[in-house]
Amino acid sequence: MSLESVKAHFKQWNREMDVMEFETSSATVDEAAETIGVMPARIAKTLSFRGSEDNAILIVAAGDAKVDNKKFRQKFGFKPRMLSPDEVLEQTGHAIGGVCPFGLKNDLEVFLDVSIQRFETLFPACGSTNSAIELSKVELFQYSSAVEWVDVCKGWEEEALLKVSQQLKV
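Here's a quick rundown of the structure. Within each chain, residues carry numbers counting from 1 in the order of the written sequence. At least 70 in pLDDT is required for a residue's local features to be given in this predicted model, at least 80 for side-chain atom pairs to be given and counted, and no such filter applies to totals for whole chains, interfaces and linings, which use all residues. Side-chain measures here rest on the full set of heavy atoms in the structure, leaving out hydrogens and waters.

Topic: the pattern of salt bridges
A pair is scored as a salt bridge if a Lys or Arg side-chain nitrogen falls within 4 Å of a carboxyl oxygen belonging to Asp or Glu. Taken as a whole, this structure holds ten salt bridges when the rule is applied. Close ionic contact of Arg15 with Asp18 constitutes a salt bridge, the shortest N to O distance being 2.4 Å. The buried label goes to any residue with under 20% of its type's maximum accessible area, the exposed label to any with over 50%, and the partly exposed label to all in between, with areas taken from a 1.4 Å probe on protein chains only. Here Asp18 falls in the partly exposed class, since its relative accessible area comes to 36%. Glu90 is the salt-bridge partner of Lys105, the closest N and O atoms lying 3.4 Å from each other. Here Lys105 is found in the loop between α4 (85-92) and β5 (109-113), whereas its partner Glu90 is found in helix α4, with 15 residues between them in sequence. Residue classification places Lys105 among the partly exposed residues on the basis of a relative accessible area of 48%. Each of Arg15, Asp18 and Glu139 takes part in salt bridges that share partners, so that together they form one network. What counts as a helix is a DSSP run of H or I of at least four residues, what counts as a strand is a run of E of at least two, and both are numbered from the N terminus.

As structure tokens, this is what we get:
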């Protein structure tokens, strides 16, 4: 049902046919990257946190980024606490491995982390453990009804710097 709600969501932009369904799993960042044939960082993962009220908040980040507790707390005013798998399903309507900011069960606030801005296109899941869609940063912001861009992740800058320094040594 979750995949269908995402396709219905994309119908308003005539993009429902762009949802890709795979024979293999795309439930984790590494599986999705392998299945699609891109580097893991280009997988746009959706992380679910307890909000200040009853509703969750979603952070969409690059596949190589990790939430920075200090940055998160500074931005939102509370400690980041991820939802349990049951809570994720209850809040989003999507099971772990297919969570995305589209076709949501509840009206949740979505934030995009700056870690994804370094890519022209990204691949978020589409509500199932074997689906994705290729979207530009602008489309991802629009289609997810994102509130704003935030800087709440770490790890990805170091990875990017390491790759640049390795290229300079070659």
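Things to note about the environment of Lys137
Mapped onto the fold, Lys137 is located in helix α5 (residues 137-143). In contact with Lys137, other than residues within four places in its own chain, are Ile116, Gln117, Phe119, Glu120, Leu122 and Trp149. Polar contacts here mean pairs of N or O atoms no more than 3.5 Å apart (in protein, one a potential hydrogen donor and the other a potential acceptor; neighbouring residues in sequence count only if both atoms are side-chain atoms). For Lys137, the side chain forms a polar contact with the main-chain oxygen of Gln117, separated by 3.0 Å. Residue contacts are defined here by distance: any two heavy atoms, one from each residue, within 4.5 Å place the two residues in contact.

Here's the deal with helix α3 (residues 69-76)
Two to three positions downstream of the cap, the backbone nitrogen of Lys70 sits 3.0 Å from a side-chain oxygen, assigning the N-cap of α3 to Asp68. Looking one or two residues beyond α3, the residue adopting positive phi is Gly77, at roughly 85°.

Describing the side chain of Arg15
Along the polypeptide, Arg15 turns up in the loop between α1 (2-11) and β1 (20-21). The buried category is assigned to Arg15, whose relative accessible area is 14%. The contacts of Arg15, once residues within four sequence positions are left out, are Phe10, Ile133, Glu134, Leu135, Glu139 and Tyr143.

Let's talk about the packing of aromatic side chains
Any two of the Phe, Tyr and Trp rings considered here, Trp counted by its six-membered ring, make a pair once their centres fall within 6.5 Å; the pair's planes then place it as stacked at under 30 degrees, edge-to-face at over 60, or tilted in between. Tallied over the full model, the rule gives ten aromatic pairs. On the basis of an interplanar angle of 50° and a centroid distance of 4.8 Å, the ring pair of Phe72 and Phe76 is categorised as tilted. Of this pair, Phe72 and Phe76 both sit in helix α3, four residues apart, which is roughly one turn of that helix. Centroid distance Phe76 to Phe78: 6.2 Å. Interplanar angle 40°. Geometry classified as tilted. We classify Phe76 as buried; its relative accessible area is 18%.

Digging into the pairing of strand β6 (residues 121-124)
Here is the key point about a regular strand: its side chains alternate between the two faces of the sheet. Whether two strands pair comes down to DSSP finding at least two bridges between them. As paired elements, strand β2 (residues 43-50) and β6 share two bridges and run parallel to each other. Opposite Ala44, over in β6, you have Pro124 as the bridge partner. Relative to strand β8 (residues 135-136), β6 runs antiparallel, the two being bridged by two bridges. Note that in β8 the partner of Leu122 across the bridge is Leu135.

What about the environment of Gly155?
In this fold, Gly155 is placed in the loop between β10 (153-154) and α6 (156-169). Put simply, Gly155 and Val19 are 136 residues apart on the chain and 29 Å apart in space, counted from C-alpha to C-alpha.

Quick look at unusual backbone geometry
With a phi close to 55°, Asn14 is a non-glycine residue in the positive phi region. Relative to the elements of secondary structure, Asn14 occurs in the loop between α1 and β1. A positive phi is found at Ser145, a non-glycine position, where the angle reads about 50°. Position of Ser145 relative to the elements: it lies in the loop between α5 and β9 (148-150).

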